[in-house]
Structure formats: structure tokens, C-alpha cells
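Results of the structural survey
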Amino acid sequence: MSLQVKFITRLDKYSVPDTTLVIPSSSTNSQLEAILKGLLQTTVSSNDLSRISFDFLCLNKLIRSSLEEHIREKDESLLESIISIEYIEKFQGPLPEDALMHDDWVSDCKSLGDSILVASYDTKVHLWNNQGEHIISLPGHTAPVRSLAFIYSDEGEHEFISGSHDQTILIWKYDQNKNNVQSLITCKGHQGTIETLALQKLYFCSGSFDKTIKLWGLEKEKEKSSTKECRLTINAHNENVSSIGWNSPNELVSCSWDQTIKLWNMDTIQSTQTFKCGKAVLSLDISPVNGLLVCGFTDRFIRLYDTRLQEGYVLRSTYSSHSQWVSSVMWSRKSEYLFVSGSYDSLVKLWDTRSLKAPLYDLQGHDDRVLCVDWSIDQLILSGGADNSLKMFSFR
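Residues numbered from 1 in each chain as written. Predicted model: local features only at pLDDT ≥ 70, side-chain atom pairs only at ≥ 80, totals over all residues. Heavy atoms only, no water.

Our next topic: the overall build of the chain. The helix and strand inventory of the chain stands at three helices and 34 strands. Rg of the C-alpha trace for the chain: 23 Å, near the compact-globule value of 21 Å for 396 residues, within the 12% margin. Over its C-alpha atoms, taken along the principal directions, the chain stretches across nearly 75 × 45 × 35 Å. Going through the 396 residues of the chain one by one, you find that 54% of them count as buried. Across the chain, contacts joining residues at least 24 apart in sequence account for 47% of those joining residues at least 6 apart. Here the chain displays about 18100 Å² of accessible surface, and carbon together with sulfur accounts for 45% of that area. Mean positive and mean negative side-chain charge positions of the chain (39 and 50 charges, respectively) differ by 3 Å. (Helix = DSSP H or I, 4+ residues; strand = E, 2+ residues; numbered from the N terminus. Rg over C-alpha atoms; globule rule 2.2 N^0.38 Å. Buried < 20%, exposed > 50% of the residue type's maximum accessible area, 1.4 Å probe, protein only. Contact = heavy atoms within 4.5 Å. Areas by Shrake-Rupley, 256 points an atom, 1.4 Å probe, with all protein chains shown as cover. Lys, Arg positive; Asp, Glu negative; His and termini not counted. Charge placed at Lys NZ, Arg CZ, Asp CG, Glu CD.)

A few words now on the nonpolar core. Within the largest apolar cluster, 23 residues are counted, with the highest numbers of intra-cluster contacts made by Phe7, Phe56, Leu67 and Ile85. Elements supplying a minimum of two residues to this core: strand 1 (2-8), strand 2 (21-24), helix 1 (29-40), strand 3 (54-58), helix 3 (67-74) and strand 5 (83-89). The residues contacting Phe7, other than those within four sequence positions of it, are Val16, Leu21, Leu32, Ile35, Leu36, Leu39, Phe56, Ile85 and Tyr87. With 16 residues, the next largest nonpolar core counts Met330, Val340, Leu360 and Val370 among its residues. (Core = buried A, V, L, I, M, F, W, Y, C linked by side-chain atoms within 4.5 Å.)

What follows covers the sheet that holds strand 27 (residues 315-320). Taking strand neighbours across the sheet as the criterion, the four strands line up as 24-25-26-27 in an open arrangement whose pairing is antiparallel. A single partner strand is all that each edge strand has here, and the edge strands are strand 24 (281-286) and strand 27. The mean inter-strand angle of the sheet, taken between neighbouring strand axes irrespective of direction, is 20 degrees. Bridge count between strand 25 (residues 293-297) and strand 26 (residues 301-305): four bridges; the pairing is antiparallel. The residue of strand 26 that forms the bridge with Leu293 is Tyr305. (Pairing = 2+ DSSP bridges. Axes fitted to C-alpha atoms, helices over the stretch in contact; angles between N-to-C directions.)

A side chain of one charge can pair with a side chain of the opposite charge when the charged atoms of the two come close. Going through the model one piece at a time under the given rule, you end up with 18 salt bridges. Between Asp18 and Lys6 there is a salt bridge; the shortest N-O distance is 3.5 Å. Taken together, the residues span a long stretch of sequence, with Asp18 in the loop between strand 1 and strand 2 and Lys6 in strand 1 at a distance of twelve residues. Taking the shortest distance from any N to any O, the salt bridge between Glu219 and Arg231 comes out at 2.7 Å. Here Arg231 lies in the loop between strand 18 (227-228) and strand 19 (232-235) and Glu219 lies in the loop between strand 17 (212-217) and strand 18, a separation of twelve residues in the sequence. Salt bridges sharing partners connect three or more residues here, namely Lys13, Asp48 and Arg51. (Salt bridge = Lys/Arg side-chain N within 4 Å of Asp/Glu carboxyl O.)

Sequence positions flagged by UniProt for "domain: NLE" (unreviewed entry) are, in local numbering, residues 3-71. With 33% helix and 25% strand, the stretch residues 3-71 has end C-alpha atoms that lie 11 Å from each other. (UniProt positions renumbered as here; feature names shortened; annotations may be inferred.)

The strand order across the open sheet formed by four strands is 7-8-9-10, and the pairing between neighbours is antiparallel. Of all the strands in the sheet, just strand 7 (106-112) and strand 10 (134-139) have a single pairing partner and so form its edges. The average angle at which neighbouring strand axes cross in this sheet is 20 degrees, direction not considered. Strand direction decides the pairing type here: strand 9 (residues 124-129) and strand 10, joined by five bridges, are antiparallel. Residue pairing for strand 10: Leu127 is matched across the bridge by Ile136.

Okay, unusual backbone geometry next. Residues other than glycine seldom take positive phi values, yet Asn179 does so here, at roughly 55 degrees. Structurally, Asn179 can be placed in the loop between strand 13 (168-175) and strand 14 (180-188). A positive phi is found at Lys201, a non-glycine position, where the angle reads about 55 degrees. Its place among the elements puts Lys201 in the loop between strand 15 (194-200) and strand 16 (203-208).

Since the α-helix advances by 3.6 residues per turn, residues separated by three or four positions end up pointing in the same direction. Along its twelve residues, helix 1 runs 16 Å from first to last C-alpha, staying within 8% of the 16 Å computed at 1.5 Å per residue. Buried residues in helix 1 make contact with strand 1, strand 2, helix 2 (46-51), strand 3 and strand 5. (Expected span 1.5 Å × (residues − 1).)

Below, the structure written as C-alpha cells:
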């Protein structure tokens, strides 16, 4: 069986004439690329062609089977029409750069500028640079550190927040040039592990195993104090709060072991929407590019939601490839399509939302459960796990 197709692209340098081609319906990605590069040979140098690989989209999804199978899954009637196939430059796989070892589990990690923060079950916060050099281990908590958030990092001055199993949050100000902690403020009030932190300019929220979310200010106190009280407490969920994130300056998203995702108006301190998921939700992240919400679950699936919809089907897509709990997810800060996930199956995966059947790449290297991932910097993907390591992958 043959199909009529047109190749289209937004890559001006690699565009081809707007003509209809007849190709085998069994064509796969590799065969489509061979056809396309044959068309490009007259306008693009062989040297340039050898350095680029293409991926192919049909009906807004990446082709991961034969062209005929891909179309039949969407709309069999289209097999009789002229089919548009868009080609894009293929993303190159992230490359392993380094493995930074710790004395205990790596439970959270964050990068900012050329600095990397690591939370560990050894009760310390560790500061590294992105060259893999250990700057300092900072004691302060009395139990495993579970969550982190960077406030500021530049020219050796660092401000950040850490949450722990000791039920406290510490606000740190560390001067790397002077090698001293200039201030350390303790936030008390939770009655359980501080599982998650989310920063919003002059304030931040914390989510805990005590089922609550608390709001804290970051403004300087009129009188110097080593402690801080929360501004307000939300009795948010019926089970542990597992992850939170800011959807906008006044809207917070939370998820929980009670199998729900909730949206909160932080002006009125009211829940505006509740999504019942049927499985415990372990992690969430909101894309700064497209506003979509990606979540990891205990049923090993990743689900994509459009929380901006007031009516209709909020669940957009479901992604399956992990074999155990999905403990952590994070969007690319620049791409509207790419995100990473980490799982108890010891794998980190790089996903494109247009590919439902399989991730783009598996990032291997962990020997035990992956507990956290970070993609705060476009060129650097981080992951930490129960093998006591922080893995660094470069992405270009």
C-alpha cells in the first residue's frame, strides 16, 4: 500500500519543494529520513546533512511506528487523502557528565547559575558547583533533609531554603567568599516531614506529611530573630502533601497521597478546583512555557493536565514507560514539549509530550531508586537517588 504525503517544516535551511510524494505506507522514521535527505541533497551540503538527524510529526504526534499504523490509530479515513508530515531537528540524547557521591540518599537537588544544591539523608545540605567540585556541607538539621529551594545565587553569595524530617524549615544565607553562614532562620510549625517547598519572590509555601500547607514570608524582620512563624496554614489534604508549585503569583497547585490535585487561590485561601485522580500523586511541575501540569503517580504513569480549563476534559495525555513509582518530574524551562521524570525503577527519562508511547531517551546510571530530578538550567539535567549519588547529564 502507498500513501500520498507532503513534507513540511519550519526549518528554513532544510525546506523542500511543496510537492506530493507517493511513499510506502510501511515507512518508518528511518525510511522517512532517507527519503527526506534524498530530497535535500540538491540544496544542502553532504557535510551539513551528515550532522543533522530528523524526527517526524503526523497529526501533531511523533511517529513511533509505521506511517500507516500511526494514521490508523488517529483516523483511518485520512489514509485516502494527502498527508502532511512535519519534520523537525531530532533532539540529541543527554550525555552523562559526572556522578557526585554523598554519604546517604540524595533526596532533592536544585541548580541555579553555576551552583548546585543537594539535600541528603545525612542531615546536611551540600553545595557544589556545576563543574562537580564540592564547596561545602552545611549542618543545621537534625534529621534527613527532604526538600530545597534556591532564593539567590551569584558571585559566591547564596540564599536558599531547606525542609527536613525534623519538621523544620531553615532559611540559609551563606557567603562562599568568606566561608561562613551569615544567617540561619528556623521556621517551625509543621508536625511532620517537610516534603516540598515552592518559592514565589517574597514568600514561599511548604507542604508536609502533616497534611497542611503553610505560607511563610521572606521579608527581613524588624528585630533580628533566629526563628520565624508562618503567615497562615491551610488544612489542604486528607493525606500527606507530596508536592506543590506556583501556577501564578496568587495560585498554588498541590498534590497528595489522598489521590487528589488541588488548585488554591492564595488571596482568598480557598480551593478553586479539585481533580480526583484515583492514585496517589507523588510529584508535580507546571511548565513556565505552556502552563500545563505534569504529575507522577504511584501507578507508574505520568499524566498531563490543562488546569486552565474550567470545563471539559482536563486530563490531556498519559505517558507510560516506567515500571515503578514516578517520584519526580520537571519541565524544561525553555521547551513547551520536553520534560524529565525519575522513578523507583532507577531510571530517568526524557519525554516529548508529542510521543505518548515512549520517551525520547532513558538516562541510565543509578543503581537504586531515583528520588529527585532537576532541569532548572537548560544545559544541565540532574538526578539524585537512594544510591547516594547525584548524576549530572549535559543537554544540547
